[in-house]
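# Close look at the chain arrangement
These are the residues of each chain, in order.
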Amino acid sequence: MVRSRKDIAIGMSIVIPCFLVLAVFVYGFIGWTLTVSFTAWEGVLPNWEFVGLKNFATLFSTQRFQIDLLNTVFFSIFFLGFCVLFGFTLAILLDKITTGAAVFRNIFLFPLAISFVVTGVIWRWIFNPSVGINALINSTVGVNIAWRWYTDTSSVCGFHIALIPVVIAAGWQLTGYIMAMVLAGLRAIPVEIFESAAIDGAGEFRKLFNIIIPHLKPILLSALIVLGHISLKIFDLVYTMTGRGTAFVTDFPGIYMFETTFQGHFYAEGAGISIIMLMLVAIVIIPYLYSILKKERV
Amino acid sequence: MSLLQNIRSFKLTLKQRKMGLYLTLIICSLFFLLPIYVLLVTSFKGFAEVSEGNMWALPLKATFAAFEKAFTKLGPSFINSLILTVPATLISALLGSLNGYILSKWRFKGANLIFVLMLFGMFIPYQSILIPLVQFLQKIGLYGNLIGLIIVHIIYGLPITTLIFRNYYSEIPDELIEAAHVDGQGIMGTYLYIIFPISLPAFVVVIIWQFTNIWNEFLFAITITQNPEQQPVTVALQDLSGTFIKEWNVQMAGAFLAALPTLLIYIILGKYFIRGLLAGSVKG
C-alpha cells in the first residue's frame, strides 16, 4: 500500500502528542510516585529528604499492611474462584437453552453496568447483621442465626471471615463478565467438532473436558487477568461497603493508601503502598501485554 | 430386567432435564435480582417502616419521601456527573478513533510499541499516579473542580478507546484506504470521508463504555473533587450513606438514582455494552 511521507507525518503528529501526554501521566507520574516513596515526606508540605528503601521496610513490618496483603491474596483467590465457577456454569447452562436465553443473560450481566459504590451501599444493607440476611433466614426458615458477616473479627488460617460478604458482592457484580466471555468463546467453537464428538458417542463430561475447556483456555486466561487486576486494585466497593473494618478485617492496600495519603498526609508511605500495588499488577499484566506485542509482530 | 436397562430407567427424560435447567437458571437469577428487590422495596418505604428493621417485606405504605430526600441531596451532583461524563466521553471517543485509525491503518515504525505502552495505562492501579496527579492539578489550578476531572478521564480513557477503535478498524480491508488514495485522498481525507462514516458501531460501543465507566468511577472523583459543590454522584452517594446512616430508605433511593442512567443505557443498548466488555480482552 502506498503511503506518502506527508501522510505518515500527519499521522504521527496526531498520535505522538497523545502518546506523550499519556506517557507523562502514566510513566512520568509512576516515576514521580516512586521518587516520593524513597523520601521522608510526612505532612502537607513535601519533604524530599532521601531515605532509600526505609518506607518499604517499615511497610512490610507494619501489621496493617501485612493484613492487607493477606486479605488481597485471599480475596483474589475466592473472588476469582467464585466468578469463574459460577460464570462458567451459567454460560454452559445458557448455551443449552434458546427460549428465554436473552432474558437470563441480561439478568446475569446488568450488575456490570452499575457502580461499585452502588453495589457497596446495597450489599452493606443486605449483609447488615441485625436486619439483613440473618433476619430473612430467621423469618422464613425459622432458624435463629446471628452471623456477624462483615463485622466478624474471627479468621480461619489467616482468612478473615468478614471478607465473605465482600467476595459475594464483588462476585455478584463480575460473574456476568466471565459468563459473557465464556459464551463468546463457546460460540467460536466450530459446530463440526461437537458433531463428530456426538458420532463418537462422547457424553457431556467428555465434551466439557476434551472440547470446551481446551478451546476456552485463552479466553479464560485473559478473563482471569482482567478480573485479577481488578481484585488487586480493589477500592471503591470495599470503601463504601465495609471500610477498613475493625482490626482491618476488610482492609486492602488501596484503602490503606487512600487513607494514609489523603487523610493522614503520610505521602511517602502512601506512595510506597501504591508502588507495591503497581508491582503486583505488573506481574500479572506485563506478560500479557508482552504476548500481545509478540502476536502483533507476526 | 437387565442391569443396563435398570440404569436407563433412572435417566431423566429430555423434558425433565429441560425443567431442571430452567429451574437452576431461575434460582441463579434470584441471586442477581435480590439486590434490586431490596433496593426497590426499601426506597419506597417510609422512615418508620425502615427503622422497624423489616427490610425484606414489601412496603406497607409506599411513599416517595425517600426519593424526594435523596433527590434534593443528590440532584446537584447528578448534574455534575452529567457535566463530567458527557464531554469526557465524547472527547476520549474522538481521540480514540483518530489514534486507533492511525495505529491500525498507517502503522509507522514503532507504532506497535506505542500501542502496547499506551495499553499498560489502562491496567495500572491509579493509586500509583494519584499523588503526582493531585500535585500537578494543584499547580495548574484545576484541582478540586470538574474540569480537572474531565481532563483526567480523557487522558486515562485513551488506552481503552484506542484499543476498541484499533480492533474495529483492523477489520476494515486496506483496499478501502487504497481506493481513497487513488481518489486523491490523504490520511485525513480518508478518515473524514471513508472511515468516520462507517465508524458508527464502534462509536456506539466506545461511548457506552466510557459513559458507564466515567459515571461509575469513584477513586479519581473522591480524590480530585474535594469541593462538595463539584462532586459527581458516586462521591455524593458515599457521603449520603455516611450522613443518613440510619435512613436506609434514603440510601437505597440515592443508590437507585445514581445507578439509573447507566442501567437505562444497559437496558436500551445492552448489545453494544456487551461488545465493549468483550472488546477489552477477547482480541487484545
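The shown structure was predicted, so the numbers you read here are calculated from the model rather than taken from an experiment.

### Some thoughts on the interface of chain B and chain A
The interface is formed by 94 residues belonging to chain B together with 95 residues belonging to chain A. Taking both sides of the interface into account, the surface hidden between chain B and chain A amounts to around 8900 Å²; carbon and sulfur atoms contribute 79%. Counting the contacts that link chain B with chain A gives zero salt bridges. Viewed at the interface, chain A and chain B are joined by 18 residue pairs in polar contact (both at pLDDT 80 or more). Considering every element that reaches the side of chain B that touches chain A, the biggest residue donor is helix 2 (residues 14–43) of chain B, with 18 residues. Along the lines of polarity and charge, the residues of the side of chain B that touches chain A split into 63 nonpolar, 23 polar and eight charged.

### Section: the state of the cysteines
For the coordinates displayed, the defined rule picks out zero disulfides over all chains. Looking at Cys28 of chain B, it has no disulfide partner, and the nearest cysteine sulfur is the one in Cys83 of chain A, 14 Å off. Under the relative-accessibility criterion, Cys28 of chain B is labelled buried at 13%.

### Brief notes about the pattern of salt bridges
Residues and elements named next belong to chain A. Here the structure, examined in full by the defined rule, presents seven salt bridges over all chains. A salt bridge links Asp251 to Arg64, with the nearest nitrogen and oxygen atoms 2.6 Å apart. Separated by 187 residues along the polypeptide, Asp251 in the loop between helix 10 (236–241) and helix 11 (253–263) and Arg64 in helix 3 (residues 63–95) bring together distant segments of the chain. For Glu259, the salt bridge goes to Arg244, with nearest N and O atoms at 2.9 Å.

Rules used throughout
Residues numbered from 1 in each chain as written. Chains lettered and ligands numbered in written order. Predicted model: local features only at pLDDT ≥ 70, side-chain atom pairs only at ≥ 80, totals over all residues. Heavy atoms only, no water. Contact = heavy atoms within 4.5 Å. Buried area = accessible area lost by both parts, 1.4 Å probe. Salt bridge = Lys/Arg side-chain N within 4 Å of Asp/Glu carboxyl O. Polar contact = N/O pair within 3.5 Å; in protein donor to acceptor, adjacent residues only side chain to side chain. Helix = DSSP H or I, 4+ residues; strand = E, 2+ residues; numbered from the N terminus. Nonpolar A, V, L, I, M, F, W, Y, C, P; charged D, E, K, R; others polar. Disulfide = S-S within 2.5 Å. Buried < 20%, exposed > 50% of the residue type's maximum accessible area, 1.4 Å probe, protein only.

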